[in-house]
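Structure assessment
Now for the letters of each chain:
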Amino acid sequence: MSADEGMRTKRSRVSTGDELPPLKIPITRTLIVAGAIASRDYQDVHHDTELAHQKGSPDIFMNILTTNGLVGRYITDHFGPTAVLRKVAIRLGAPNYPGDTMVLTARVEEIDGDTATVRVVGANGIGKHVTGTVTVTVPAGGPSATAAAEGQA
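Let us look at the structure shown here. (Residues numbered from 1 in each chain as written. Predicted model: local features only at pLDDT ≥ 70, side-chain atom pairs only at ≥ 80, totals over all residues. Heavy atoms only, no water.)

**With respect to the sheet that holds strand E1 (residues 19-26)**
The sheet built from 5 strands is open, its strands ordered E1-E3-E4-E5-E2 with antiparallel pairing. The open sheet has two free edges, formed respectively by E1 and strand E2 (84-92), since each of these has just one partner strand. Within this sheet the neighbouring strands show an average axis-to-axis angle of 20°, counted without direction. Taken together, the 9 bridges between strand E3 (residues 101-112) and strand E4 (residues 115-124) define a ladder with antiparallel strand orientation. In the strand pairing of E4, leucine 104 is matched with glycine 122. (Pairing = 2+ DSSP bridges. Helix = DSSP H or I, 4+ residues; strand = E, 2+ residues; numbered from the N terminus. Axes fitted to C-alpha atoms, helices over the stretch in contact; angles between N-to-C directions.)

The structure is reproduced here in C-alpha cells:
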C-alpha cells in the first residue's frame, strides 16, 4: 500500500496533489471584532476604526489568531471530525478588512501514512492574506482511536 492509499477521510481517499474546494469567507466587522475578543487580542486596530485610522490603517483588520482559527476550520471541515491538526505554520500578508471576502484554497503536498501536509493560501481583494502549511492526521479508527492514541481513552 502506498502512502497515498493510507490516507482516508470521510469523503474518500486523499492523494498528493489533490486540491481542496475553495472556501469563501465574508470579512465582516463582527467577524474581525469577535475573533479579536475571543482570542483576547484587545489591540485597538482590531476593533476601533478611528484609532486604526490614526495608526495609518484604512480600517480595522483581522488578527492572526482569527486567521489561524479559520485556516484550522477549513482543514478540519474537509478532512472530517476525526482530523487532528498537528502543526499550523502560517504567515500573514495583505490585511483582511471589513467588506472584503477571503477565499481559502489548499493543495495536498505530501502524505505519510495517515498524515498529510497541506499548503494553504487565503486571498482577498488586495492580495494573499495568509500562506502556509498545515499538517493534519486522520486516524483510521475514528474519534475513539484518536483519544486512545493520545492517552485519553
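From this point, things continue past the structure.
**As for unusual backbone geometry**
Unusually for a residue other than glycine, arginine 40 sits at a positive phi of about 60°. With respect to the helices, strands and loops of the structure, arginine 40 is situated in the loop between helix H2 (29-38) and helix H3 (49-54). On the basis of relative accessibility, which here comes to 69%, the residue arginine 40 falls in the exposed class. (Buried < 20%, exposed > 50% of the residue type's maximum accessible area, 1.4 Å probe, protein only.)

**Some thoughts on the packing of aromatic side chains**
Enumeration over the complete set of coordinates arrives at 1 aromatic pair. Seen in terms of ring centroids, phenylalanine 61 and tyrosine 97 are 6.5 Å apart; in terms of plane orientation they differ by 90°. Their pairing is edge-to-face. Of this pair, phenylalanine 61 sits in the loop between H3 and helix H4 (64-79) while tyrosine 97 sits in the loop between E2 and E3, placing them 36 residues apart in sequence. (Phe/Tyr/Trp six-rings, centres within 6.5 Å; stacked < 30°, edge-to-face > 60°.)

**With respect to the pattern of salt bridges**
Scanning all chains against the criterion turns up 4 salt bridges. With its nearest N and O atoms 3.3 Å apart, the salt bridge here joins arginine 73 to aspartate 77. Placement of both arginine 73 and aspartate 77 in helix H4 is noted, with a separation of 4 residues, approximately one turn of the helix. Taking the relative accessible area as the measure of exposure, aspartate 77 reaches 40% and is therefore partly exposed. A salt bridge links glutamate 109 to arginine 107; its shortest N-O distance comes to 3.2 Å. Arginine 107 sits in the partly exposed class, given a relative accessible area of 35%. (Salt bridge = Lys/Arg side-chain N within 4 Å of Asp/Glu carboxyl O.)

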